[in-house]
Amino acid sequence: MRYAVAFALGAVDSVEAQTTLLSLMTDRDPEVRNWATFGIGQQSDADSDAIRHALKNQLCDADPDVRYEAIIGLGRRRDRRALGFLKTMLHDDPDDVFAREAAAKLLGINESGDRATDELLGSLQRLQRWGGDRKTDSS
């Protein structure tokens, strides 16, 4: 039942859905956590301190799929805590569309398609070197 709720609520744009997904992100079942994190991280454009905090907490999840969704979600919200993770992901898989999109958004680029992965990696490296891993504002 919790899995079905997490799966379905990602497509719902409401405060109640977000609150439920945030709660499900701490579920004992990794598939429930994965779908809830995906729903908040990739399916929703909502952004708040609570959402960023929940995504940051998922960076330490035991399940690699949950960690992946958290990284993508933070990158999409221009949160620099995703920097090092995105660099590793793009280095390991230069064609990862979701990592490329998240890196582009973190860098303030609207579309990643016209940028080479090496260019994205270089820009991430410069941002990390000059700006550190601190969180960006949500603008």
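Remember, predicted model here, so these are calculated numbers, not experimental data. (Residues numbered from 1 in each chain as written. Predicted model: local features only at pLDDT ≥ 70, side-chain atom pairs only at ≥ 80, totals over all residues. Heavy atoms only, no water.)

### Re unusual backbone geometry
- Positive phi values are uncommon outside glycine, yet R78 reaches one of about 60°.
- One can find R78 in the loop between α5 (64–76) and α6 (83–92). (Helix = DSSP H or I, 4+ residues; strand = E, 2+ residues; numbered from the N terminus.)

### A closer look at the side chain of K87
- As for its position among the elements, K87 is in helix α6.
- For K87, a relative accessible area of 18% translates into the label buried.
- Within the local environment of K87, its side chain forms a polar contact with the side chain of Q128, the two groups lying 2.4 Å apart.
- Excluding residues that lie within four positions of it along the chain, K87 makes contacts with L121, L124, Q125 and Q128. (Buried < 20%, exposed > 50% of the residue type's maximum accessible area, 1.4 Å probe, protein only. Polar contact = N/O pair within 3.5 Å; in protein donor to acceptor, adjacent residues only side chain to side chain. Contact = heavy atoms within 4.5 Å.)

### Let's talk about the side chain of R76
- With respect to the helices, strands and loops of the structure, R76 is situated in helix α5.
- The exposure class of R76 is buried, given its relative accessible area of 15%.
- Residues in contact with R76, not counting those within four places in the same chain, are G41, Q42, S44, D45, E101, A102 and K105.

### Structural notes on the packing of α6 against helix α8 (residues 117–131)
- The interhelical angle for the contact between α6 and α8, taken along N-to-C directions, is 155°, at an axis separation of 10 Å. Considered as vectors, α6 and α8 are oriented roughly antiparallel to each other. For α6 against α8, the interelement crossing comes out left-handed. Two secondary-structure elements touch here, α6 through L83, G84, L86, K87, L90 and H91 and α8 through T117, L120, L121, L124, Q125, L127 and Q128.
- Tallied by class, the residues present in the contact of α6 with α8 amount to seven nonpolar, five polar and one charged. (Axes fitted to C-alpha atoms, helices over the stretch in contact; angles between N-to-C directions. Parallel < 35°, antiparallel > 145°, perpendicular 65-115°, else oblique. Left-handed = near helix turned anticlockwise from the far one by under 90°. Nonpolar A, V, L, I, M, F, W, Y, C, P; charged D, E, K, R; others polar.)

### Considering helix α2 (residues 15–24)
- Turning to α2, its buried residues are A17, Q18, L21 and L24. Burial along α2 is one-sided: seen end-on, the buried residues are contained in an arc of 125°. Relative to its buried face, α2 has exposed residues pointing more than 90 degrees away, namely V15 and E16.
- Here the buried face of α2 lies against α1 (2–9), α3 (30–43) and α4 (49–58). (Arc of directions from axis to C-beta.)

### Regarding the packing of α2 against α3
- Look at α2 against α3: their axes get within 8 Å of each other, and the N-to-C directions meet at 140°. In terms of orientation, α2 lies oblique with respect to α3. Handedness of the crossing formed by α2 with α3: left-handed. On the side of α2, the interface is formed by Q18, L21, L22 and L24, while α3 contributes V32, R33, A36, G39 and I40.
- Grouping the constituent residues of the contact of α2 with α3 by class yields six nonpolar, two polar and one charged.

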